[in-house]
Amino acid sequence: MIARIPLVLEPQSEGGYTVTSPLLPELVTEGDTIAEVLANVEDAFAAVVEIYQDRGCSLPAGIYMDDVSGPVSVEAVVSVP
């Protein structure tokens, strides 16, 4: 299953990032690196899916990709010196 989830990575003063999603307010996680954050988002999303199922609620429309064999669009923020 592939889901399309908007993420907000907020840098923390002590290092690392706190991650939230404007589409899924229950999704909150963190990580020291972007790679770690993305791995943690998978776990956090699985927990959010379980919360929605327990409540009998549907996830927001359009969150799951219909064609998982086609191209996947990803947005990234990069720093250029």
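Predicted, not measured: the structure shown is a model, and the values here were computed from it.

Visitor: How should I be thinking about the sheet that holds strand β3 (residues 28–31) in this particular structure?
Guide: What holds strands together in a sheet is hydrogen bonding between their backbones, with the strands either parallel or antiparallel. The antiparallel open sheet is built from 3 strands, whose spatial order is β1-β2-β3. Edge strands, defined here as strands with exactly one partner in the open sheet, are β1 (8–11) and β3. Neighbour to neighbour, the strand axes of the sheet diverge by 25° on average, direction disregarded. Pairing analysis gives 4 bridges linking β1 to strand β2 (residues 17–20), with the strands arranged antiparallel. Residue P11 lies in a different strand from β2, and its bridge partner there is Y17.

Visitor: Is there a simple way to think about a negative patch on the surface in this case?
Guide: Taken together, the side chains of E14, E30, D32 and E36 present a region of like negative charge at the surface. With respect to the helices, strands and loops of the structure, E14 is situated in the loop between β1 and β2.

Visitor: It is not clear to me how helix α1 (residues 34–55) should be interpreted in this structure. Could you clarify?
Guide: Because an α-helix completes one turn every 3.6 residues, residues spaced three or four positions apart along the sequence face the same direction. Under the 1.5 Å per step criterion, the end-to-end length of α1 is 31 Å for 22 residues, consistent within 8% with the ideal 32 Å. Inspection of α1 places V37, V41, A44, F45, V48, V49 and Y52 among the buried residues, and these make up the whole buried set. Within α1, the buried residues cover an arc of 155° as seen down the axis, which keeps them to one side. Seen from the open side of α1, the exposed residues pointing more than 90 degrees away from its buried face are E42, D43, Q53 and D54. Tucked into the core, α1 has its buried residues touching β1, β2 and β3. Following α1 by one or two positions, G56 adopts a phi angle in the positive range, close to 75°.

Visitor: What should I look at first to understand the layout of surface pockets in this one?
Guide: If a probe as big as a water molecule is rolled over the atoms, it shows which places are left empty. Taken as a whole, the largest pocket spans an internal volume of roughly 1,000 Å³. Around the largest pocket, the lining is made up of 21 residues, and of these I5, L7, L38, V74 and E75 lie nearest the centre. Broken down by class, the residue content of the lining of the largest pocket amounts to 17 nonpolar, 1 polar and 3 charged.

Visitor: Any chance you could explain the pairing of β3 here in plain terms?
Guide: The side chains of a regular strand alternate between both faces of the sheet. Side chains of β3 alternate between two faces, with T29 and G31 buried and V28 and E30 left unburied. The pairing of β2 with β3 spans 4 bridges and is antiparallel. In the strand pairing of β3, V19 is matched with T29.

About the criteria used
Residues numbered from 1 in each chain as written. Predicted model: local features only at pLDDT ≥ 70, side-chain atom pairs only at ≥ 80, totals over all residues. Heavy atoms only, no water. Pairing = 2+ DSSP bridges. Helix = DSSP H or I, 4+ residues; strand = E, 2+ residues; numbered from the N terminus. Axes fitted to C-alpha atoms, helices over the stretch in contact; angles between N-to-C directions. Patch = residues over 30% accessible without salt bridge, like charges linked within 9 Å, V, L, I, M, F, W, Y side chains within 5 Å. Areas by Shrake-Rupley, 256 points an atom, 1.4 Å probe, with all protein chains shown as cover. Salt bridge = Lys/Arg side-chain N within 4 Å of Asp/Glu carboxyl O. Lys, Arg positive; Asp, Glu negative; His and termini not counted. Charge placed at Lys NZ, Arg CZ, Asp CG, Glu CD. Expected span 1.5 Å × (residues − 1). Buried < 20%, exposed > 50% of the residue type's maximum accessible area, 1.4 Å probe, protein only. Arc of directions from axis to C-beta. Contact = heavy atoms within 4.5 Å. 1 Å grid on protein atoms, 1.4 Å probe; cavity = no way out; pocket = protein on both sides within 12 Å on 5 of 7 lines; lining within 4 Å. Points joined across faces, edges and corners; volume = space filled by probe spheres on them. Nonpolar A, V, L, I, M, F, W, Y, C, P; charged D, E, K, R; others polar.

None of the figures reported here should be taken as evidence of function without further support.
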